[in-house]
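Observations on the three-dimensional arrangement
The residues making up each chain are set out below.
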Amino acid sequence: MTIAAATETQARRTRWGTGSVLPVLAILVLLLVAIAIRQPDFYDPPALLAFLKRSAPLIILAAGQYFVIVSGDFDLSVGSLVTAEVVIAARMIDGDPSATWPVIALVLGFGLLVGLVNGLVTTLLLVPSFITTLGMYLILVGAVYTWTGGSPRGALSDEFRQLGRRGIDGVPWLGEIPYAVLILLVVAALAILAMRADFGKMLLAVGDNPRAARLAGGRVAGVRTTAFVISGGCAAVAAILLGGFGGVSFQVGAGLEFTAITAVVLGGVVLGGGRGSVVGAMLGALTLQTLLTLLNLLGVAGALASAVQGLIILTAVAIGGLRART
């Protein structure tokens, strides 16, 4: 199978079968209707933008996780990477505004570096990505605890936190456009453009049939490594936004790797690679955030969130398997 044929096959599946965004879009609409009934003022522009601001880090994480999953791998290190980035930033800035932008550049570079290491270990040393990124998760957690002595130190400057907290004021009708929403739009546009380029076609071909992609002349190792680098970069961006309104804590990134995977699967992306769209992954994250918001409005205990995510993963994977066989 050539790369072009694999891409066309995936496109048909995305439109009509496994990987379609239509199911998650329908679920999202139903949830939005339910929220409208429960809390009509949710759709006031300021309230809606505030919701999108809170959702932006998860959507960005899901976009990064999509590139790894659609290539046939996993990235379990993003949650610990988010925590490490926030803790490192607070320690290095320590309330000094002049250190803000150099530290932001360092945070982004560190995220890309972690992604590169994950990719090289997986592709060159042939370590399964599940083991590679689980090991990176443990390394980051242990290193951060050792470096801080078990307690986060320092403080993020207001200039750092405004990226997650504030926005452009005085916008007619909208009031304020959060910086987080603008950053999300940029990341989403870049992700969509990447998947429409030759890189995206190759990524889908690698996830669908790596042997065929290699025989067709594709740089399989390079494409898979790039996917991990993208995931690490997205985790760094998410960490910057979460540091803005989540504060400095060892819990800031706890469990985010599983939440991101849940969102990607909910968006119709098939575990194992080769099927699904980045738009579906981001819609999955938005749908998951909407569901959790609805549960909160209904007074459902927050402890059920993990159970809901587990149920979503099991259901989505089971349905995907059934649809793939039909």
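Residues numbered from 1 in each chain as written. Predicted model: local features only at pLDDT ≥ 70, side-chain atom pairs only at ≥ 80, totals over all residues. Heavy atoms only, no water.

In the sheet, strand β1 (residues 167-171) pairs with strand β2 (residues 175-178) via four bridges, with the strands oriented antiparallel. Within β2, the residue paired with Gly167 across the bridge is Pro178. (Pairing = 2+ DSSP bridges. Helix = DSSP H or I, 4+ residues; strand = E, 2+ residues; numbered from the N terminus.)

Another aspect to go through is the packing of helix α12 (residues 256-266) against helix α13 (residues 278-297). Look at α12 against α13: their axes get within 7 Å of each other, and the N-to-C directions meet at 115°. Comparing the axis directions of α12 and α13 gives the class roughly perpendicular. Seen along the crossing, α12 lies across α13 with a hand that is right-handed. Residues Thr259, Thr262, Ala263, Val264 and Leu266 of α12 touch α13, and the partners they reach there are Ala281, Gly284, Ala285, Thr287 and Leu288. Considering only residue class, the contact of α12 with α13 consists of six nonpolar, four polar and no charged. (Axes fitted to C-alpha atoms, helices over the stretch in contact; angles between N-to-C directions. Parallel < 35°, antiparallel > 145°, perpendicular 65-115°, else oblique. Left-handed = near helix turned anticlockwise from the far one by under 90°. Contact = heavy atoms within 4.5 Å. Nonpolar A, V, L, I, M, F, W, Y, C, P; charged D, E, K, R; others polar.)

Right, let's get into the side chain of Arg161. With respect to the helices, strands and loops of the structure, Arg161 is situated in helix α7 (residues 158-165). The buried charged residue Arg161 lacks any salt bridge partner; its closest oppositely charged side chain belongs to Asp158, at an N-O distance of 6.0 Å. For Arg161, the side chain forms a polar contact with the main-chain oxygen of Gly243, separated by 3.5 Å. Among the polar contacts made by the side chain of Arg161, one reaches the main-chain carbonyl oxygen of Gly244 at a distance of 3.3 Å. Discounting residues that sit within four places of it in the chain, Arg161 has contacts with Leu156, Gly243, Gly244 and Gly247. (Buried < 20%, exposed > 50% of the residue type's maximum accessible area, 1.4 Å probe, protein only. Lys, Arg positive; Asp, Glu negative; His and termini not counted. Salt bridge = Lys/Arg side-chain N within 4 Å of Asp/Glu carboxyl O. Polar contact = N/O pair within 3.5 Å; in protein donor to acceptor, adjacent residues only side chain to side chain.)

On to the pattern of salt bridges, then. Considering all chains together, one arrives at one salt bridge under this definition. Here Arg224 ties to Asp73 by a salt bridge, and the two come within 3.0 Å at their closest N and O atoms. Of this pair, Arg224 sits in helix α11 (residues 220-246) while Asp73 sits in the loop between α3 (45-70) and α4 (78-93), and the two are 151 residues apart along the sequence. Of the two residues, Arg224 and Asp73, both sit in the buried class.

Turning next to α12. With ten of eleven residues buried, α12 is to be regarded as a mostly interior element. Three or more residues of α12 are buried, namely Leu256, Glu257, Thr259, Ala260, Ile261, Thr262, Ala263, Val264, Val265 and Leu266. Just past α12, the residue Gly268 takes up positive phi, approximately 95°.

Attention now moves to the side chain of Arg224. By relative accessible area, Arg224 is classed as buried at 19%. For Arg224, the side chain forms a polar contact with the side chain of Asp73, separated by 3.0 Å. Apart from the residues lying within four places of it in its own chain, the contact partners of Arg224 are Ser71, Asp73, Thr122, Thr123 and Val206.

To continue, consider the packing of aromatic side chains. Using the criterion set out here, one finds five aromatic pairs in the structure. Consider the rings of Tyr66 and Phe67, whose centres lie 5.6 Å apart with planes at 75°: the pair is edge-to-face. The burial state of Tyr66 is the same as that of Phe67; both residues are buried. Taken together, the aromatic side chains of Phe42, Tyr43 and Phe51 make up a single cluster linked through ring pairs. The ring of Trp147 carries the charged tip of Arg91 above its face, separated from the ring centre by 4.7 Å. (Phe/Tyr/Trp six-rings, centres within 6.5 Å; stacked < 30°, edge-to-face > 60°. Lys NZ or Arg CZ within 6 Å of the ring centre and 35° of its normal.)

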